Amino acid sequence: MHEATKAPRVSFFDYIVIGGGTTGIPIATTLSANYSVLLLERGGSPYNDANITKAENFGLYFLDTSQDSPVQQFVVEGVANGRARVLGGGTSINAGFYSRGEKQFNKEARLKDEDLIQDSYEWTEKVMVFDQDVQNWQSAVGAGLVEAGVTPDNGFTYDHLVGTKVGGAIFDKNGTRHTAADLLQYANPEGLSLFLHATVHKVLFKHKGSSKPRAYGVVFEDTLGTKHVAYLKREKNNEIILSAGALGSPQLLMLSGIGPKDQLDALNIKIVLEQPFVGQDMADNPLNVLFIPSPIGVERSLVQVAGITPFGSYIEAIGGFNVIFVNLSDYQGYTPEEGGFIYEKTNGPLSKGNLTIVNRNASDNPSVTFNYFSEPEDLQKCVKGIKTILKTVNSEAFSNYKLANMTTQDILDLNMKIPYNMNAHGNTSTSLEQHCKDTVRTIWHYHGGCHIGKVVDDEYKVLGVDSLRVVDGSTLLNSPGTNPQASLLMLGRYLYFDIQNIQGSFRRISINTCFV
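Residues numbered from 1 in each chain as written. Predicted model: local features only at pLDDT ≥ 70, side-chain atom pairs only at ≥ 80, totals over all residues. Heavy atoms only, no water.

Trainee: Give me the overall build of the protein: which residues, what numbers.
Mentor: The helix and strand inventory of the protein stands at eleven helices and 26 strands. Relative to the compact-globule value of 24 Å for 516 residues, the protein shows a C-alpha radius of gyration of 23 Å, a close match. Reported as C-alpha extents along the three principal axes, the dimensions of the protein are approximately 75 × 55 × 40 Å. In the protein, which comprises 516 residues, the proportion classed as buried is 61%. For the protein, contacts bridging at least 24 residues in sequence account for 72% of all contacts bridging at least 6. (Helix = DSSP H or I, 4+ residues; strand = E, 2+ residues; numbered from the N terminus. Rg over C-alpha atoms; globule rule 2.2 N^0.38 Å. Buried < 20%, exposed > 50% of the residue type's maximum accessible area, 1.4 Å probe, protein only. Contact = heavy atoms within 4.5 Å.)

As structure tokens, then:
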């Protein structure tokens, strides 16, 4: 890793990958085996920040609002949100739960080679993923979910199965986080150049006659404000890959001249390709949380157990952490150390919004809407999810961790008083529908803006231009599985292993013996 200040002012590569995150690192690492690759990350290293590397410090970076924070915060409809600004992307700041996506994701992502899907998952799991020691409180949550009807009990598995399961984690037994950056140990150091604090301003295009515009380089800036230009070498298959995330990739397309005409004209951006679907159909999976006070101490634990319901609500739990980062007084006399959060994620939200750029500064957040719970189907999934959590809390299996005199209404009213978002609302829960709306949060699984079939084709090539692909959460029709990191890591490895295979340049050898 090198700071972008050390980058040459002009350079040439076979491939340029924008975004050193969950998909960008597997892509760059895979390509480096046979090509020269430039990987540009706008943030810094995850390895020198104990708030990132240690499970006990989970989430403290969300309190850091500095320009050097690994999280760039933004607010949508009163809900505080964040986008990764660090090598490793979301794997450097998430809660660490690892679970593969459902089979439907493979179809939506146009992935057909089942063996390669499996190999790509295992390629990641050998480096990043660990079994978990499930302790008493999490075990009670799991048993309570089964008692509440989230069946069968599937035990430990990485697979996405209806029922209750224990998943993997990217935290090891010592509580140390292993991010996508750890996959760089697979990389060919002679083939990969990686620069940190490198903010890409735009992709450069050539356009001759009636031919399609062709991407041929990028402009990026270091922390001293110096501009650098990296060009593609002139081989036929060379290309630029956008993996800047669900906010960053549509934003960069627009800043480069690909997007809705009205937005580009408003900011005097030269139009390379009018593309009305860039930034459209943005979605975020709503998260609704219940804090459950306990009469006894609760072991600190991040997500270990997941309840996958057949009706589209995914239920997980975190114990003993102040994971919503509010003042202790907001817990109404209780403490997060004596209690835990059980929450439901609404899968496949039909409620959609859009992304627009507000200026030509790539460092600034674009404007985004998600329109949480604007579609009644999403709201009903949340209601069913909250009912399932309450059944879990009232189960015999969970009884040791529930205050005997606390009613269901007491639990709901307590959680109405906890500031889960910035929106004003009453202090009592009058209906589960209203409760979902009033307490909505994010699980940071937002996606869309460069949908497959609208902005990119089935091979993730940007429609209407050459030598440019988008491969990240912005292409997703739905957020895969309970937590998308496993699927996105797999996607980056799968696509570029497969592409090199097709081009006849990649030697497919065992991932067990490829790197010693």
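Following the structure, the description resumes.
Trainee: How would you explain the packing of aromatic side chains if you had to name every residue and give the values?
Mentor: Under the defined criterion, the tally for this structure stands at 19 aromatic pairs. Between Tyr 15 and Tyr 35, the ring centres sit 5.1 Å apart and the planes meet at 70°, which makes this aromatic pair edge-to-face. Here Tyr 15, found in strand β3 (residues 15-18), pairs with Tyr 35, found in the loop between α1 (24-31) and β4 (37-40); they are 20 residues apart in sequence, far enough to count as distant. Across this residue pair, the class does not change: Tyr 15 and Tyr 35 are buried. Taking 5.6 Å as the distance between ring centres and 80° as the angle between the ring planes, the aromatic pair formed by Phe 74 and Tyr 446 counts as edge-to-face. (Phe/Tyr/Trp six-rings, centres within 6.5 Å; stacked < 30°, edge-to-face > 60°.)

Trainee: I'd love a proper account of the side chain of Ser 479, names of residues and values included.
Mentor: Within the secondary structure, Ser 479 is located in the loop between β26 (468-470) and α11 (485-502). On the basis of relative accessible area, Ser 479 is assigned to the buried category, the value being 2%. Here Ser 479 is in contact with Asn 285, Lys 345, Asn 347, His 445, His 447 and Pro 484, once residues within four sequence places are set aside.

Trainee: Which residues make up the sheet that holds strand β11 (residues 192-196), and what are the values?
Mentor: Spatially, the six strands line up as an open sheet ordered β1-β11-β4-β3-β15-β26, and their pairing is parallel. This sheet does not close on itself; its edge strands, each paired only once, are β1 (2-3) and β26. Pairing geometry for strand β15 (residues 239-242) and β26, over three bridges, is parallel. Paired with Ile 241 across the bridge in β26 is Arg 469. In the packing of α1 onto the sheet, contacts are made with β3, β4, β11 and β15, and the angle to β4 comes to roughly 160°. (Pairing = 2+ DSSP bridges. Axes fitted to C-alpha atoms, helices over the stretch in contact; angles between N-to-C directions.)

Trainee: Outline the state of the cysteines, supporting the account with residue identities and numerical values.
Mentor: Under the criterion given, the structure shown has one disulfide. Cys 382 shares a disulfide with Cys 436; S-S distance 2.1 Å. Around the S-S axis, the bridge from Cys 382 to Cys 436 shows a dihedral of about -95° and counts as left-handed. Highlighted residues: Cys 382 in helix α8 (residues 376-393) and Cys 436 in helix α10 (residues 432-438), separated in sequence by 54 residues. Just as Cys 382 is buried, Cys 436 falls in that class too. (Disulfide = S-S within 2.5 Å.)

Trainee: Please give an account of the nonpolar core that cites residues and values.
Mentor: Counting 154 residues, the largest nonpolar core has Ile 16, Val 218, Phe 220, Ile 342 and Leu 468 as its most contacted members. With residues up to four places along the chain from it excluded, the contact list for Leu 468 reads Phe 205, Ala 215, Glu 239, Ile 240, Leu 242, Leu 253, Ile 258, Tyr 460, Lys 461 and Val 462. (Core = buried A, V, L, I, M, F, W, Y, C linked by side-chain atoms within 4.5 Å.)

Trainee: I'd like a rundown of the packing of α8 against helix α9 (residues 408-417), residues and numbers included.
Mentor: Two quantities define a packed helix pair, namely the angle between the helix axes and the distance between the axes. Two numbers describe how α8 lies on α9: the axes approach to 11 Å, and their chain directions differ by 125°. When the interaxial angle is binned, α8 and α9 end up oblique. Crossing angle aside, the handedness with which α8 passes α9 is right-handed. In this structure, α8 uses Ile 386, Leu 390 and Val 393 to contact α9, whose residues at the interface are Thr 408, Ile 411 and Leu 412. Here the contact of α8 with α9 is composed, by residue class, of five nonpolar, one polar and no charged. (Parallel < 35°, antiparallel > 145°, perpendicular 65-115°, else oblique. Left-handed = near helix turned anticlockwise from the far one by under 90°. Nonpolar A, V, L, I, M, F, W, Y, C, P; charged D, E, K, R; others polar.)

Trainee: Got a sec to walk through the UniProt feature "binding site: FAD" (unreviewed entry) in the protein? Specific residues and values, please.
Mentor: Mapped onto the present numbering, the UniProt feature "binding site: FAD" (unreviewed entry) falls on Thr 22, Thr 23, Val 86, Val 200, Trp 444, His 445, Gly 473, Pro 484 and Gln 485. An extended arrangement is adopted by the annotated residues: their sequence extent is 464 residues, and the largest C-alpha distance between any two is 25.0 Å. Residue placement: Thr 23 occurs in the loop between β3 and α1. With residues up to four places along the chain from it excluded, the contact list for Thr 23 reads Ser 243, Val 471, Asp 472, Leu 488 and Gly 492. In this fold, Gly 473 is placed in the loop between β26 and α11. Those residues in contact with Gly 473 that lie beyond four places of it in its chain are Ala 246, His 447, Gly 448 and Leu 488. (UniProt positions renumbered as here; feature names shortened; annotations may be inferred.)

Trainee: Which residues make up unusual backbone geometry, and what are the values?
Mentor: For the peptide bond that leads from Thr 151 to Pro 152, omega is 0°, which places it in the cis range. Here Pro 152 shows up in the loop between α5 (136-147) and β8 (153-156). You will see that Glu 77, though not glycine, has its phi angle at about 55°, which is positive. Positionally, Glu 77 belongs in the loop between β5 (71-76) and β6 (79-84). Residue classification places Glu 77 among the partly exposed positions, given a relative accessible area of 34%. Positive phi is not limited to glycine here, since Tyr 460 has a value of about 70°. Following the sequence through the fold, Tyr 460 ends up in the loop between β25 (441-442) and β26. Residue Tyr 460 is classed as buried on the basis of its relative accessible area of 1%.

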